[in-house]
Amino acid sequence: MAAKKQTTEVRQDEIARAALELVGTRGMKGLSMAAIARKVGIVPSAIYRHYRNKDDVVDAILDYLQRGLGGNVRTIAYLEGTALERLHFLLMKHIELIQQNKSIPVVVFSAEVYKGSPRRRVKLLGIIESYLAEIAAVVVQGQNEGAIRDELDPKTVAIMFMGLIQPSTILWHLSVGGYDVAKQAEAAWPVFRRAIEMDSSP
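Now for a description of the structure that goes with this document. (Residues numbered from 1 in each chain as written. Predicted model: local features only at pLDDT ≥ 70, side-chain atom pairs only at ≥ 80, totals over all residues. Heavy atoms only, no water.)

1. Quick word on the overall build of the protein
Basically, it comes down to this: Only DSSP runs of H or I covering at least 4 residues are called helices, and only runs of E covering at least 2 are called strands; the numbering of each starts at the N terminus. We call two residues in contact when some of their heavy atoms are within 4.5 Å. All accessible-area figures derive from a Shrake-Rupley calculation using a 1.4 Å probe, and residue coverage is judged against the displayed protein chains alone. None of His or the chain ends enter the tally, which takes Lys and Arg as positive and Asp and Glu as negative. Taken as the charge centre is NZ of Lys, CZ of Arg, CG of Asp or CD of Glu, depending on the residue.
Check the secondary structure of the protein and you find eleven helices and zero strands. The order of α-helices and β-strands along the protein, N terminus first, is α-α-α-α-α-α-α-α-α-α-α. Principal axes of the C-alpha set define a box for the protein whose edges measure 70 × 35 × 35 Å. When contacts within the protein are restricted to residue pairs at least 6 apart in sequence, those whose partners lie at least 24 apart make up 67%. For the protein, the accessible area works out to roughly 11200 Å², and carbon and sulfur atoms hold 55% of it. Here the protein contributes 26 positive and 22 negative side-chain charges, whose respective centroids are spaced 12 Å apart.

2. Remarks on helix H10 (residues 166-174)
Rules: A simple rule labels every residue: compare its accessible area, found with a 1.4 Å probe on the protein chains alone, to the largest value its type can have, and call it buried under 20%, exposed over 50%, or partly exposed in between. Think of the arc as the fan of directions from the helix axis to the C-beta atoms.
Turning to H10, its buried residues number three or more, namely Ser168, Thr169 and Trp172. Taken down its axis, H10 places every buried residue within 105° of arc, on the same side. Taken together, the buried residues of H10 touch helix H5 (83-100), helix H6 (104-109) and helix H11 (181-196). Downstream of H10 by a residue or two, valine 176 has a phi angle that is positive, lying close to 55°.

3. Some words on the pattern of salt bridges
When charged atoms on two side chains of opposite charge get close, those side chains can pair. Applicable threshold: Any Lys or Arg side-chain nitrogen found within 4 Å of a carboxyl oxygen on Asp or Glu counts as a salt bridge.
Evaluation of the coordinates by the stated rule reveals twelve salt bridges. With its nearest N and O atoms 3.2 Å apart, the salt bridge here joins arginine 193 to glutamate 197. Judged by its relative accessible area of 28%, arginine 193 is partly exposed. Glutamate 197 sits in the partly exposed class, given a relative accessible area of 25%. Several salt bridges converge on common partners, so that one network encompasses Asp55, Asp59, Arg119 and Arg120.

4. Focus on H11
The condition is simple: To estimate how far a helix should extend, the number of its residues minus one is multiplied by 1.5 Å. Working definition for bend: take the seven residues up to and ending at a residue and the seven starting at it, fit an axis to each, and measure the angle between the axes. Under this definition, polar contacts are N or O atom pairs within 3.5 Å; protein pairs additionally need one hydrogen-donor-capable and one acceptor-capable atom, and for neighbouring residues in sequence, both atoms have to be side-chain atoms.
With 16 residues, H11 ought to run about 22 Å at 1.5 Å a step, and its terminal C-alpha atoms sit 22 Å apart, in line with that. Taking the largest bend as the criterion, H11 deviates by roughly 30°, centred on alanine 188, and proline proline 190 comes between one and four positions later. Within the span of H11, buried status applies to Val181, Ala182, Ala185, Ala188, Trp189, Phe192 and Ile196. Each element contacted by the buried residues of H11 is listed here: H5, helix H9 (154-163) and H10. A side-chain oxygen of the first residue of H11 lies 3.4 Å from the backbone nitrogen of alanine 182; this N-cap is aspartate 180.

Okay, here's the thing in structure tokens:
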């Protein structure tokens with residue numbers, strides 16, 4: 001059954017998600033315009049209306065990841081509560097993004113994605129560094145609130161925050177979803193919080 005007609009933005013997201021899943025299950029060698037078209041439910045020529053070639057589609061995967069991470073950061077910007085509460089919410093939104101897009105860890109850690117393309121490697125690095133900078137900015141807010149220890153380097157705390165996610169994500173991926181990454185994140189959060197929050201004792 002052919003996929004129903006979608007807006008350009010929705011269709012591009014569908015193509016990026018399909019490509020992301022194919023890279024995760026088959027690697028870059030299993031990624032083709034025909035395979036993407038079958039997964040989306042459209043004819044291959046329809047993909048060329050949005051992307052010139054496979055390289056453009058791989059770039060679209062990274063754009064999709066960037067939108068997901070950026071969207072989570074924008075979401076917490078409008079939340080009430082302390083910076084620590086916003087960081088906790090961001091942690092769980094990040095876990096949710098990975099659970100909904102199971103191939104993200106493969107793409108992020110696969111040299112195949114940027115092999116032979118220094119530009120793409122730089123692009124992926126920029127996405128991650130931008131996300132870390134956003135996390136560090138929340139840490140600074142927490143320091144200004146008096147909730148996070150002011151002697152801590154925000155960039156270091158941001159990398160520690162990512163450390164709550166990546167190891168358990170690898171275990172989750174290797175166990176084919178058998179490892180409860182959300183449960184682990186919730187268990188790790190209080191430990192992380194105690195390490196960075198300001199001591200409120202007299």
